[in-house]
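Okay, here's what each chain looks like letter by letter:
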Amino acid sequence: MTYVIGSACVDVVDKSCVQDCPADCIYEGERSLYINPEECVDCAACAFICKVDAIYYETDLPEDQQAHLADNAAFFTEVLPGRDAPLGNPGGAGEIGKLGVDTPLVAAMPHKSAAG
Ligand code: F3S
Ligand code: F3S
């Protein structure tokens, strides 16, 4: 089981969750962050700290956020645009740094205004 980052993170990327994750399993794309479902230890710290409530336990995802369960996983299992291999399970987001690329689902989302 895993926690999942939903669409509220897109264009916000507050990153408080990264600092609180004991597994260092929250990876940075371009407009959003993604939780590695193989590395997440289900501690819930990220969900508590996120000020825009972007993070859900996988069984608590609202209907309109369901796509992010597979999408967070796809960030690690699919070959992202501009890369030649899947990210896989690196074992730590800190060493990887910002990937600068998103899944097609997130990349296609409308941009939020600065006020939003
Ligand atoms: Fe995003 Fe919330 Fe983390 S906005 S970067 S999920 S603290
Ligand atoms: Fe990390 Fe715990 Fe969230 S392991 S991804 S802070 S549930």
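In the block above lies the structure referred to throughout.
J.: Explain the overall build of the protein chain to me, and be specific about the residues and the numbers.
T.: In terms of regular secondary structure, the protein chain is built from 5 helices and 4 strands. Taken from N to C terminus, the helices and strands of the protein chain fall in the order β-α-β-β-α-β-α-α-α. The C-alpha extent of the protein chain, read off along each of the three principal axes, is 35 × 30 × 25 Å. For the protein chain, with 116 residues in total, the buried portion stands at 41%. The long-range fraction of contacts in the protein chain, counting pairs at least 24 apart against all pairs at least 6 apart in sequence, stands at 69%. Element-wise, carbon and sulfur atoms account for 52% of the exposed surface of the protein chain, whose accessible area totals about 6,100 Å². Between the averaged position of the 6 positive side-chain charges in the protein chain and that of its 19 negative side-chain charges there is a distance of 10 Å.

J.: Outline the site of ligand 2, supporting the account with residue identities and numerical values.
T.: Y3, C21, C43, A44 and C46 are the nearest of the 13 residues found near ligand 2. When the residues that make up the shell around ligand 2 are grouped by side-chain class, the tally is 12 nonpolar, no polar and 1 charged.

J.: Describe the site of ligand 1, and please don't skip the residues or the numbers.
T.: In the neighbourhood of ligand 1, the contacting residues comprise C9, V12, V13, D14, K15, S16, C17, L33, C50, V52 and I55. Within the shell around ligand 1, the residues separate by chemical class into 8 nonpolar, 1 polar and 2 charged.

J.: How would you sum up unusual backbone geometry? Please name residues and give values.
T.: Look at D11: it is not a glycine, yet its phi comes out positive at around 70°. Note on placement: D11 falls in the loop between β1 (3-5) and α1 (16-20). What makes D11 partly exposed here is its relative accessible area of 29%. With a phi close to 60°, D42 is a non-glycine residue in the positive phi region.

Rules behind the numbers
- Residues numbered from 1 in each chain as written.
- Chains lettered and ligands numbered in written order.
- Predicted model: local features only at pLDDT ≥ 70, side-chain atom pairs only at ≥ 80, totals over all residues.
- Heavy atoms only, no water.
- Helix = DSSP H or I, 4+ residues; strand = E, 2+ residues; numbered from the N terminus.
- Buried < 20%, exposed > 50% of the residue type's maximum accessible area, 1.4 Å probe, protein only.
- Contact = heavy atoms within 4.5 Å.
- Areas by Shrake-Rupley, 256 points an atom, 1.4 Å probe, with all protein chains shown as cover.
- Lys, Arg positive; Asp, Glu negative; His and termini not counted.
- Charge placed at Lys NZ, Arg CZ, Asp CG, Glu CD.
- Near = heavy atom within 4 Å.
- Nonpolar A, V, L, I, M, F, W, Y, C, P; charged D, E, K, R; others polar.

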